[in-house]
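These are the residues of each chain, in order.
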Amino acid sequence: MVRVAVVGYGVIGQRLADGVALQKDMELVGVADVTPTISVRALKDKGMPYALYCAAPGRENGLLDAGIPVSGTLEDLIDKVDIVLDATSAGIGAKNKELYNKKKKKAVFQGGEKNEIVDVFFHGYANYEKGVGKDFLKLTSCNTTGLIRAVDCLDREVGMEKVAITIIRRVADPGDTHRGLTNVLKIDPVPSHQAVDLMTIMPHVPCTGVLVHTPVTHGHIISIVATPKKSISVTAVIDLFKKHPRMMVIKIADGFDSNASLFRYARDLGNPRGDMYEIGVWEEAVALSGKDVIFSINIPQESVVIPETMDAIRAAIPMQKARLEAVGLTNRYLGME
Ligand SMILES: NC(=O)c1ccc[n+]([C@@H]2O[C@H](COP(=O)([O-])OP(=O)(O)OC[C@H]3O[C@@H](n4cnc5c(N)ncnc54)[C@H](O)[C@@H]3O)[C@@H](O)[C@H]2O)c1
């Protein structure tokens, strides 16, 4: 059993903790945070399924005063594990890395950290082998994770000449009141970081694109124009996507006409927090323009990076050296076969 800690029990951290708990070859030793946030209070009210450690030295009383049991300090937790999943607010992971280094522990960071702090910028499907045996890995952001899943899927079949993307980005997660009440579409300069990130992980595929922030919370949509090296039919593209365990082909005709319909579907399934690990692809929105393939994907931003983070543990330890064996196990334990 590989022993795992999750540091930062926020939007991503709590989902990582659940993801690790589902892996039959990993043990979640505990989670760490600094204050009694809503998610930490919910953990307590659920009966503390995971032990909580205090990551702010001397601030244990803030947690104890809120009635939250504390199992020890962050250092105590790090001493007990083989690998840390750091899901703290962007930039904190770089500081925490000093402790992981001191304790000689491997760590996996999330998209908000800088690439320079890690050995490998990682994606389970696109560059698993590069992460094998490495100490510090960083996951792609939510949009990039889903984007690379789809582009890698086509690339492995027909090769990719180039890719252009348009990202319609949800501006906040549900509950992010600190982002304010918004009514605006804000545009970023090209290329968006997701296009640059795709080229970092898949350097053989030139990519550029634009990103528009939109005042919604239930999922991003990315519209993709992918130029294949070999021509491919719409049916063949849809069949490839249908075979990918982390993609879900849906139909507008069946009522899946929006990002919100996928969120509702996940809630109706009874998935915790309305989470989905899969990216959605709209079947009726796959088309050809010349030989270019046009399609759109839905990114459930709060849960999409969980499978690839499990892959990162498998690579770093290493638990499996072969990509498909590793992603296959993650998929099985997360119920995505
Ligand atoms: N929210 C998303 O949709 C999303 C998607 C993909 C990746 N990410 C990335 O995941 C990471 C975490 O983002 P999030 O949205 O979960 O943030 P969040 O604010 O919801 O959670 C961060 C948690 O870290 C805790 N924390 C802060 N400082 C800490 C410290 N020193 N030690 C331990 N815990 C500490 C906070 O109290 C909070 O609970 C970021 O790198 C972000 O870029 C976020």
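Computed from a predicted structure; not experimentally measured.

(A) The sheet that holds strand β6 (residues 120-122), seen in detail. Strand order in the open sheet formed by 7 strands is β3-β2-β1-β4-β5-β7-β6, with parallel pairing between adjacent strands. Of all the strands in the sheet, just β3 (52-54) and β6 have a single pairing partner and so form its edges. Neighbour-to-neighbour, the strand axes of the sheet open up by a mean angle of 25 degrees, direction not taken into account. Seen against the sheet, helix α1 (residues 11-22) touches β1 (2-7), β2 (26-33) and β4 (83-86) and runs at an angle of roughly 160 degrees to β2.

(B) Quick look at the domain arrangement of the chain. Domain annotation for the chain reports domain 1 (2-140 + 305-333) and domain 2 (142-299). Using only C-alpha atoms to locate each centre, domain 1 and domain 2 end up separated by 26 Å. Listed as interface residues are 23 residues of domain 1 and, on the opposing side, 18 residues of domain 2. Carbon and sulfur atoms supply 52% of the area that domain 1 and domain 2 bury against each other, a total of about 1800 Å² over both sides. Inspection of the region where domain 1 meets domain 2 yields 5 salt bridges. Between D311 and R246 there is a salt bridge whose closest N-O contact spans 2.7 Å. Our count for the contact surface shared by domain 1 and domain 2 stands at 11 residue pairs in polar contact (both at pLDDT 80 or more). Where the side of domain 1 that touches domain 2 is concerned, the elements lending two or more residues are α1, β6, α11 (305-316) and α12 (323-333). When grouped by side-chain class, the residues that make up the side of domain 1 that touches domain 2 number 10 nonpolar, 7 polar and 6 charged.

(C) Region of the structure containing the side chain of R15. Considering the arrangement of structural elements, one finds R15 in helix α1. Every residue in contact with R15, bar those within four places of it in the chain, is listed here: R273, D275, E302, S303 and I306.

(D) Region of interest: the site of the ligand. Taken together, 21 residues form the shell around the ligand, and within it V11, I12, D33, G112 and D173 come nearest. A distance of 2.6 Å separates an oxygen atom of the ligand from a polar side-chain atom of D33. Look at the ligand: alone it shows 830 Å² of surface, and the protein chains cover 81% of it. For the shell around the ligand, the class distribution of residues is 9 nonpolar, 9 polar and 3 charged. Here the shell around the ligand spans two domains, and each of domain 1 (2-140 + 305-333) and domain 2 (142-299) adds at least three residues to it.

(E) Just the environment of R59, in detail. In this structure, R59 sits in the loop between β3 and α3 (60-65). You can call R59 partly exposed: its relative accessible area is 45%. With near-sequence residues (within four places) excluded, R59 lies in contact with V34, T35 and C54.

(F) Helix α10 (residues 259-269), seen in detail. Where α10 is concerned, the buried positions are N259, S261, L262, F263 and A266. Capping the start of α10, S258 holds a side-chain oxygen 3.4 Å from the backbone nitrogen of A260, two or three residues further along. Backbone geometry just after α10 places G270 at a positive phi near 85 degrees.

(G) Quick look at the state of the cysteines. Throughout the structure, instances matching the rule amount to 0 disulfides. C153 takes part in no disulfide bond, and the closest cysteine sulfur, belonging to C207, lies 16 Å away. Residue C207 stays outside any disulfide, its sulfur separated by 16 Å from that of C142, the closest cysteine. On the basis of relative accessible area, C207 is assigned to the buried category, the value being 7%.

(H) Spotlight on the environment of K44. Relative to the helices and strands, K44 is located in helix α2 (residues 38-45). Judged by its relative accessible area of 32%, K44 falls in the partly exposed class. Along the primary structure K44 and I68 are separated by 24 residues, whereas in three dimensions their C-alpha atoms are 6.1 Å apart. Sequence-distant contacts of K44, defined by excluding residues within four places in its chain, comprise A66, G67, I68 and P69.

(I) Broad picture of the pairing of strand β5 (residues 106-109). Burial along β5 is two-sided: K106 and V108 and A107 and F109, pointing in opposite directions, are all buried. In the sheet, β4 pairs with β5 via 4 bridges, with the strands oriented parallel. By the bridge assignment for β5, L85 is matched with V108. Note that the unit made of β4, helix α5 (residues 92-102) and β5 has a crossover that is right-handed. Note: β5 against strand β7 (residues 136-139), 3 bridges, orientation parallel. Its bridge partner being in β7, V108 is matched across the sheet by L137.

What counts and how
- The numbers attached to residues start from 1 for each chain and follow its sequence in the written order.
- The predicted origin of the model limits local features to residues at a pLDDT of at least 70 and limits the giving and counting of side-chain atom pairs to 80 or more, whereas totals for whole chains, interfaces and linings rest on all residues.
- Processing note: side-chain calculations cover all non-hydrogen atoms of the structure and skip hydrogens and water entirely.
- One bridge is not enough; two strands pair if DSSP finds at least two bridges between them.
- Segments assigned H or I by DSSP are reported as helices when at least four residues long, segments assigned E as strands when at least two residues long, and all are numbered from the N terminus.
- An axis is simply a line fitted to the C-alpha atoms; with a helix, the fit covers only the stretch in contact. Between two such axes, the angle follows the N-to-C directions and lies from 0 to 180 degrees.
- In what follows, a contact means two residues having at least one pair of non-hydrogen atoms within 4.5 Å.
- For the domains described, the bounds stem from an automatic or database domain assignment.
- Defined here as a combined quantity, buried area equals the accessible surface (1.4 Å probe) lost by two parts on assembly, summed across both.
- In the sections that follow, a salt bridge refers to a side-chain nitrogen of Lys or Arg positioned within 4 Å of a carboxyl oxygen of Asp or Glu.
- We call two N or O atoms a polar contact when they sit within 3.5 Å, provided that within protein one can donate a hydrogen and the other can accept it, with sequence-adjacent residues counted only if both atoms are side-chain atoms.
- The residue classification treats Ala, Val, Leu, Ile, Met, Phe, Trp, Tyr, Cys and Pro as nonpolar and Asp, Glu, Lys and Arg as charged. All others, Gly included, are polar.
- Being near a molecule or strand, for a residue, means having at least one of its heavy atoms within 4 Å of it.
- The Shrake-Rupley method, run with a 1.4 Å probe, gives the accessible areas here. Residue values count only the displayed protein chains as cover.
- Throughout this description, buried means an accessible area under 20% of the type-specific maximum (1.4 Å probe, protein chains only), exposed means over 50%, and partly exposed covers the range between.
- Any two cysteine sulfur atoms lying within 2.5 Å of each other are counted as a disulfide.
- With the strands pointing away from the viewer, any crossover whose connection runs clockwise from the first strand over the helix to the second is right-handed.

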